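# Geometric and topological summary
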Amino acid sequence: DSLLQETLVYMMSNFISTIKKKPPRLSSYIRAYGNVSYKYQEPAASSTLPLPSSTPPSVSWSQVCTALQEEGKVDPGDCKKLRELVLEVVGTEETGDLVEDACIHFFQTFMGKKNLSLEIFKSLKKKYGNLSQSLAQKIFSSVKELSKDIPMEVLEKLLSDEDALDDGEEGDYFGKNIPFTTYKTGEYWSQIDLSYLTEIAPPSFSLDSQITFDIDQQSTMNRNQKEESAVMDSGWLEETLRNCYGDEKPLGMPVQEFAILLLEKLSSSKSVEELQTELFDLCGFERFDMIGAVLENRDSLVRSLKQNKANMKAEIVSAAASLAGDLGPSRPNYGCQVIVQSEEERALHKQMRKEEKKINKLLNKAGVEEEEDELEFDPVDLRTKRQAALANAINTPLFKERQEVREMSAPKEQFPYVFDSLCKAKLTTGFIQGTKMSLPAGFTRKDDKKWEEVTVPAQNAGTGAQETGKKPVPISSLDEVGQLAFKGIKNLNMIQSVVFDTAYRTSENMLVCAPTGAGKTNVAMLAIIQCIKQNMEAGMIKKDKFKIVYVAPMKALAAEMAAGFGRRLEPLGIVVKELTGDMSLTKTEISNTQMLVTTPEKWDVVTRKPGDVGLAALVRLLIIDEVHLLHGDRGPVVEALVARTLRLVESSQTVIRVVGLSATLPNYIDVSVFLRVNPYVGLFFFDGRFRPVPLAQTFIGVKQVNSMRARQDMDEICYDKTVEFVRNGHQVMIFVHARNATSNTAMVMKEMAQQNGETGVFEPENTSQLGLAKNAMQKSRNRQLQELFPAGFGIHHAGMLRSDRNLVEKYFSSGQIRVLVCTATLAWGVNFPTHLVIVKGTEFYDGKLKRYVDMPITDVLQMIGRAGRPQYDHQGVAMVLVHDVKKGFYKKFLYEPFPVESSLLDVLADHMNAELVAGTIQSRQDALDYMTWTFFFRRLVQNPSYYGMEDTEADGLNSFLSGVVGKALDQLEMSYCLETGEDGRSLLSTVEGRIASYYYLAHTTLQHMRDTLVEEMTTENVLQALVDATEFSQLPVRHNEDNINTELAKQCPMKVNVYTMDSPHTKASLLLQSHFSRLTLPCSDYLTDTKSVMDQAPRVMQAMIDVCAESGWLASTLRVVTMLQMLVQARWDTDSSLLTLPHLQHHMLYLFSPAGITNLPQLVHKVGEKYETLAKILRPELEEQEVEDVWAVVKRLPIMTVRVEMDGQKVELGRQREGQARWITVTAGAEVTISITMRRVNRLGKEGVKVHAPKYQKPKDEGWVVVVGNPDTRELAALKRVGAVRGSTTFSLVVSPMEVGRMFYTLYIMSDSYQGLDQQYQLPLQVEEGVEEVYYSDEE
């Protein structure tokens, strides 16, 4: 009996636990017409991974190190050394958890091994692509050193965890309570009664006789049980809230009101998941248990609420009936012309009408929809509803469950050139990990134990063209000008043909949204030709009457577009120039140019400068590429320049056509309104059906949570997909999130190919071209490229040298590189289409936030847009690999995209300052009016909650905008950039505000300068003030770069704060010091970061010069100019100026000592025009070619003579003693004009006025800073910047000496580029008192 009892108890406990763990799965047939809201989810299948399963996730490497130190004599430095070696293998970009897991893995793999075998190395090499044999040996030695004095049983105990290895079964094991007695062999069988055993015969079986379950009876039993259960009503809910919140008021309201709010939400038609999200937002995650209890009793609470409303309604109706009875019977009013009433009757009827209105309001408030009670599992009822649904489906559209969402997202009006199938398509519903998404029909879903995959097939090519009803426009139908621009093209494609009439024959503003690669560049060309034809008279193009501006999103793309447009417009005589931070143009070059290709920031700088207003006034066409970047960090710049252009159109009444080009935008109506586009004429939207190559998209979600194993799963998926397509003759482009991830991924795939014996799949064909390519790659200094190229792999990122990137681009285009692993930079730059694009991961490390963040969706769209090669592929393939929790988000964006929002608020103060300086804003009302021209204003009205506006009425909108503008103006006033007039309304820009606008700096940078710069500063002070500017706060500090910065700081001469090694400002200081010292940087990323710092530093330093000069600080001004020279020449101010010459190093300076030469002017004077004189000095250390390089630089150094006049009197220059000086007599307080003439002595060579600065990031022209000051009082009197001097130039400065007597002003002529070429002269002044002028008034 005890055995039987124990067996039954065990079976029942297993049955109950099974029910708890795995509820029955109900078919969609029952769920659709029943009341079951439970969503069945199968437990995720455990993935078999190569890492040892015995290592529990709870054990970290730091814990192992601590335990090792306690168990034996282990040096903490050995643990740190092992971790650094492992970090070198996995990469500095990876998270700390992944590094910890890898340390555990290596330690467990090598523990107890006598030597490093080839099999172990191969298995590790397959997991870690960057692992070399020498590095593996170092790690093995480190592990051996750590574990040599620790017993093996202790090591195994450290790396084991019994709790983690538990199989997870609940309850006691079977048979625990069974009494057991040992029997002797003979006694055991004698005590067993076997009389009950009978012969086994096959039983007869009948289905009808075996079924004993009555579903009707069971339904009745369920109903009775529910009636007997406790009722959860509003009282229970209020009590639960009081227990949870205590004395605290939820959301500041009484518990009763909050309970009613929760009941109303529970009674909505939303799903449990949606309600759970809303309740978390209302109550907070810390009240998880309360929310779970409320949702669990949702049905009971909703029934209680409905019952209360029904009771309330009945009581109100009863009260209304009694009121009507008290008032008496109503008299008929037909045939009555006049009704005679007493005062009491009239008052009574008035009161009755008031009560009736109150009752009606209460009835409306208590209105209860006639809903059926909770449905039970009644087969007859379910069958009836099913038949009714099938009958109704005959006359209703298929897949209509998301109809309301589509109607809300679709434009209210249908515009003639909007081809948006998303608003009309019949969509089905797919499920990805429980997230409901809309997908076109035909999608497939594949569930693997490691990942889940959803594939959306490519749309049929040409389906969009049929909807337009247009035919391709032949180029032969264009006029002569158009045919010249489109030479070599027979027909426009369908998109270009649809926009042809508007673009080519009107001056309407346009917004063209089309997929990547759909031919938007030719749309821009149509608008350009139209603008050119508008400025033709008698067949001649009036080139001085117009300018065309093309705004490209990146400098690399600007260079490509300038070359392309320049080549196509050359037959028309149109000059196209690039105007970016790398390519500056003189005023003469700009005046001779008809089309400028620029970036948003550069054009913003040009148009905000007062001197360049004339250039903006000549613009007749503004083309903005990639308008969908409005939501990004650069979006506010686009908003500002568009708003400035549109306001210029209104104020000047000139026509400036604005053409926006974009990828597909979800809220294209809002963008078109912002660009002032007529939606019936100039709005064009083309969806994915118009892609030149249809695109099939696959979303793969990796299920693994552990970061290291998830990365390995991604590598495995990436390799499997790549080898499949490469085997079929296709090229593959893989986008990763970090620069070092390019080489890591490529090396891992190369190792996988070797392990699987598939290297021949990737290797390029052995041709003569391949031999040349290999020779070119071997000359590269990038070792990874040299190793990867023969295997058919390549890498590409912005940290590589330009020459290496050019090689990779060249050989990928020619097919020598089969698989290219690159970063997002390539997606935005040169157009390289390929058959398969894989986006491997969508997170990157944000140095500013110091955490991993999602990649912008625009980058993902741009990447997948590279899939598909026109004229070669019938379709392209794009795969997005993400963590499973993110897959739904990215797929929802791509098919139901979020609207593009404005990012203007974060930088509103800076753009407001630019308008203040330009004079377009002169009062707070002007600032409010300016806001109405922005994209922010349009989106604020459409989506107020996104920007934090609660009151959507007109007064609320005005109040919110006033607050936004007021906050921005207050920030400017705190930064010394703005002053308010005496009337309290007018706004006046200050010197600091004008400096910030002119040099394109943040207003906070000027505030920092005002608070930091002082009269006397050392080089270290100037450097610290420079790097602390706001402009350097965006410098990325990647994962683990704080350790690199610590090591780099040991080589730099100036100390930095050891506690801020993860600060971008500290990193900027280290990079600049490395630049001045010409140190070798630790990695390629630091080269790119140095270029970024060098882009920002000159603007900040020029602003520092102006701030110091405005304050009259002579010493600080000269110190900043000296640092500007250091920046260009990459030498410290304490270094000899001779070291700026090519090939010369510190140890070679002894060569000049015999000749008495210590600086550049002495060297120039000594050698003169004699090459041999210089050669004799340098030949002991330099080769002849190197001597010639030095000679070429010496000859191009700017040698200047200076002539000075003061108030028309010539000044004898040179250091003069007081007794020998020829004094210039001036009057105290009067303005004295100093006229200076600079003449170049040596002739210009082929380099012109370009500076010799091999370490500077871009070509630079010579420049001069001329300063006049009093060294005795340390006061600066005047400053002027002078451009390059080709022959001679004359300019003037004005000073006003105040003190009477003799004094010397000092004239400093300093180069802004060269060290050692500065000149200094004394200007003697005799200051006399002026005759005081007396003014008499006519009034007495």
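Residues numbered from 1 in each chain as written. Predicted model: local features only at pLDDT ≥ 70, side-chain atom pairs only at ≥ 80, totals over all residues. Heavy atoms only, no water.

## Regarding the overall build of the protein chain
Our working definition: The helix and strand labels rest on DSSP assignments: H or I over at least four residues marks a helix, E over at least two residues marks a strand, and numbering proceeds from the N terminus. Accessible area is worked out with a 1.4 Å probe on protein chains only. A residue is then buried under 20% of its type maximum, exposed over 50%, and partly exposed in between. In what follows, residue pairs with any heavy atoms lying within 4.5 Å of each other are defined as contacts. A 1.4 Å probe and the Shrake-Rupley method give the accessible areas. Residues count as covered only by the protein chains that appear here.
A tally of regular secondary structure across the protein chain gives 52 helices and 33 strands. Here the protein chain holds 1340 residues, and 46% of them are scored as buried. Across the protein chain, every contact between residues at least 6 apart in sequence was considered, and the portion connecting residues at least 24 apart equals 72%. About 70,200 Å² of surface is accessible on the protein chain, with carbon and sulfur atoms providing 50% of the total.

## Looking at helix α48 (residues 1084–1111)
Counting along an α-helix, one turn takes 3.6 residues, and residues three or four places apart therefore face a common direction. Filter applied, for reference: Expected helix span is given by 1.5 Å per residue-to-residue step, counting one fewer step than there are residues. The bend at a residue is defined as the angle formed between two axes, one fitted to the seven residues ending at that residue and one fitted to the seven starting there.
If you check α48, its first and last C-alpha atoms are 41 Å apart, about what 28 residues at 1.5 Å a residue would give, namely 40 Å. Along α48, the largest kink reaches about 25° and is centred on Ala1097; proline Pro1098 follows within four residues of it. Just beyond α48, the residue with positive phi is Gly1112, at close to 80°.

## What to know about the environment of Leu1160
With respect to the helices and strands, Leu1160 occurs in helix α50 (residues 1160–1167). A sequence separation of 19 residues divides Leu1160 from Leu1141, and the C-alpha atoms of the two residues are 9.0 Å apart. Sequence-distant contacts of Leu1160, that is, excluding residues within four places in its chain, are made with Ser1137, Leu1138, Thr1140, Leu1141, Leu1197, Gln1315 and Leu1317.

## Focus: the sheet that holds strand β11 (residues 595–598)
To be explicit about the condition: Should DSSP find at least two bridges between two strands, the strands are taken to pair. Every axis in this analysis is a line fitted to C-alpha atoms, fitted for helices over the stretch in contact. Angles between the N-to-C directions lie between 0 and 180 degrees.
In spatial order, the strands read β1-β14-β6-β13-β12-β9-β11-β10; together these eight strands make up an open sheet with parallel pairing. Here the strands that pair on one side only, and so sit at the sheet edges, are β1 (418–419) and β10 (576–579). In terms of strand pairing, strand β9 (residues 547–551) meets β11 through four bridges, oriented parallel. Across the sheet, Tyr550 pairs through a bridge with Val597, a residue of β11. Helix-sheet contacts for helix α22 (residues 494–505) involve β1, β6 (510–513), β13 (657–662) and β14 (683–686), and the interaxial angle to β14 is about 175°. The strands that helix α26 (residues 600–608) touches are β9, β10, β11 and β12 (619–624); relative to β11, the one it contacts most, it runs at about 125°.

## So, the sheet that holds strand β32 (residues 1301–1311)
Whenever strands of a sheet pair, they do so through backbone hydrogen bonds, lying parallel or antiparallel. Read from one edge to the other, the open sheet built from five strands follows the order β27-β33-β32-β29-β30, with strand pairing classed as mixed. The strands lining the two open edges of the sheet, one partner per strand, are β27 (1224–1227) and β30 (1275–1282). Averaged over all pairs of adjacent strands, the angle between their axes in this sheet comes to 30°, without regard to strand direction. Bridging between strand β29 (residues 1264–1270) and β32 involves six bridges; their strand directions are antiparallel. Of the residues in β32, the one forming a bridge with Val1268 is Leu1307. Across the sheet, helix α49 (residues 1114–1129) is in contact with β29, β30 and β32; its angle to β32 comes to roughly 15°.

## With respect to the side chain of Thr1066
Selection rule: In protein, a polar contact requires one atom able to donate a hydrogen and another able to accept it; more generally it is a pair of N or O atoms within 3.5 Å, and residues adjacent in sequence count only if both atoms are side-chain atoms.
For Thr1066, the position within the fold is in helix α47 (residues 1064–1077). A polar side-chain atom of Thr1066 sits 2.8 Å from a polar atom in the side chain of Thr1060. Not counting the four nearest positions on each side in its chain, Thr1066 is found in contact with Val1056, Thr1060 and Met1061.

## Describing unusual backbone geometry
Phi is positive for Arg676, close to 60°, though the residue is something other than glycine. Positionally, Arg676 belongs in the loop between α29 (668–674) and β14.

## Overview of the packing of aromatic side chains
Our working rule: Two rings from Phe, Tyr or Trp (for Trp, the six-membered ring) form a pair when their centres are within 6.5 Å of each other. A pair whose planes differ by under 30 degrees is stacked, one over 60 is edge-to-face, and the rest are tilted.
Evaluation of the coordinates by the stated rule reveals 20 aromatic pairs. Ring centres 5.7 Å apart and planes at 45° place the aromatic pair Phe419 and Phe690 in the tilted group. Remark: Phe690 occurs in the loop between β14 and β15 (695–702) and Phe419 occurs in strand β1; sequence separation between them is 271 residues. You can call Phe419 buried: its relative accessible area is 5%. Ring plane angle 80° and centroid distance 5.8 Å describe the contact between Tyr1171 and Trp1191, whose orientation is recorded as edge-to-face.

## A word on helix α28 (residues 635–652)
Taking 1.5 Å of rise per residue, 18 residues should cover 26 Å, and α28 covers 26 Å from first to last C-alpha, within 8% of that figure. Most of α28 is tucked away: 13 of the 18 residues are buried. In the segment just after α28, Gln653 is the residue with positive phi, at about 55°.

## Overview of the confidence of the model for the protein chain
Stated precisely, the cut-off is as follows: pLDDT runs from 0 to 100 and stands for how confident the predictor is about each residue.
Mean pLDDT for the protein chain: 78, with 75% of residues reaching 70 or above. Within the protein chain, strand β2 (residues 428–432) has the poorest average pLDDT of any element, 37, and α49 the best, 96. The low-confidence segment residues 201–230, where pLDDT is below 50, has 11 contacts with residues more than four positions distant or belonging to other chains. Scored below 50 in pLDDT, residues 366–377 shows 26 contacts in the model against residues more than four places distant or in partner chains.

## Things to note about a negative patch on the surface
The condition is simple: Only residues whose relative accessible area exceeds 30% and that form no salt bridge enter a patch; like-charged residues are grouped when within 9 Å of one another, and nonpolar side chains (Val, Leu, Ile, Met, Phe, Trp, Tyr) when within 5 Å. By salt bridge we mean one thing: a side-chain nitrogen of Lys or Arg within 4 Å of a carboxyl oxygen of Asp or Glu. In this charge count, Lys and Arg are treated as positive and Asp and Glu as negative; neither His nor the chain ends contribute. By convention, the point assigned to a charge is CZ for Arg, NZ for Lys, CD for Glu and CG for Asp.
Together, Glu950, Asp951, Glu953 and Asp955 make up a region of like negative charge exposed at the surface. Within the secondary structure layout, Asp955 lies in helix α42 (residues 954–974).

## Thoughts on empty space enclosed by the protein
Any space left empty among the atoms is revealed by the rolling of a water-sized probe across them. Where we set the bar: Put plainly, a pocket is an open set of points on a 1 Å grid over the protein atoms alone with protein on both sides within 12 Å along at least five of seven lines, a cavity is a set where a 1.4 Å probe fits but cannot get out, and a lining residue has an atom within 4 Å of a point. Grid points are joined across faces, edges and corners, and a volume is the space filled by probe spheres set on the points. Three classes are used, and their members are as follows: Ala, Val, Leu, Ile, Met, Phe, Trp, Tyr, Cys and Pro are nonpolar, Asp, Glu, Lys and Arg are charged, and the others, Gly among them, are polar.
Under the counting rule described, the total for this entry stands at two cavities of 30 Å³ or more. The volume enclosed by the largest cavity comes to roughly 60 Å³. Around the largest cavity, the lining residues are Val551, Ala552, Pro553, Pro600, Ile624, Asp625, Glu626, Leu629, Arg634 and Val638. Split into classes, the residues belonging to the lining of the largest cavity amount to seven nonpolar, no polar and three charged.

## Comments concerning the pattern of salt bridges
Tallied over the entire structure, the rule returns 33 salt bridges. For the salt bridge of Asp501 with Arg505, the shortest nitrogen-to-oxygen distance reads 3.0 Å. Of this pair, Asp501 and Arg505 both sit in helix α22, four residues apart, which is roughly one turn of the helix. We note a salt bridge from Glu1041 to Lys1067, for which the minimum N-O separation is 2.7 Å.

## With respect to the packing of helix α41 (residues 935–942) against α42
Keep this limit in mind: In what follows, roughly perpendicular refers to angles from 65 to 115 degrees, roughly parallel to angles under 35, roughly antiparallel to angles over 145, and oblique to any angle outside these ranges. Rotating anticlockwise by less than a right angle from the far helix to the near helix defines a left-handed crossing, while the corresponding clockwise rotation defines a right-handed one.
As a packed pair, α41 and α42 sit with axes 12 Å apart at the nearest point and diverge in direction by 140°. The angle between α41 and α42 places the two elements in the oblique class. For the crossing formed where α41 meets α42, the hand is right-handed. Across the interface between the two elements, Phe936, Phe937, Leu940 and Val941 of α41 pack against Leu957, Phe960 and Leu961 of α42.

## Focus on the environment of Arg657
Structurally, Arg657 is set in strand β13. Spatially, the C-alpha atoms of Arg657 and Leu622 are 6.1 Å apart, while their sequence positions differ by 35 residues. Those residues within four positions of Arg657 in sequence are excluded, and the remaining contacts are Thr502, Ala503, Thr506, Ser507, Glu508, Asn509, Met510, Ala527, Gln530, Arg620, Leu621 and Leu622. A polar contact is formed between the side chain of Arg657 and the backbone oxygen of Thr506, at a distance of 3.1 Å. Side chain to side chain, Arg657 and Gln530 meet in a polar contact 3.3 Å long.

## Focus: the packing of helix α40 (residues 924–931) against α42
Pairs of packed helices are described in terms of their axes, by the angle between the two and the distance that separates them. Closest axis-to-axis distance for the α40/α42 pair is 10 Å, and the angle between their directions is 115°. With respect to each other, α40 and α42 are oriented roughly perpendicular. In this structure, the crossing between α40 and α42 has a hand that is right-handed. Contacts between α40 and α42 involve Arg924, Ala927, Leu928 and Met931 from the former and Asn958, Leu961, Ser962, Val964, Val965, Gly966, Leu969 and Asp970 from the latter. The residue inventory of the contact of α40 with α42, partitioned by class, reads seven nonpolar, three polar and two charged.

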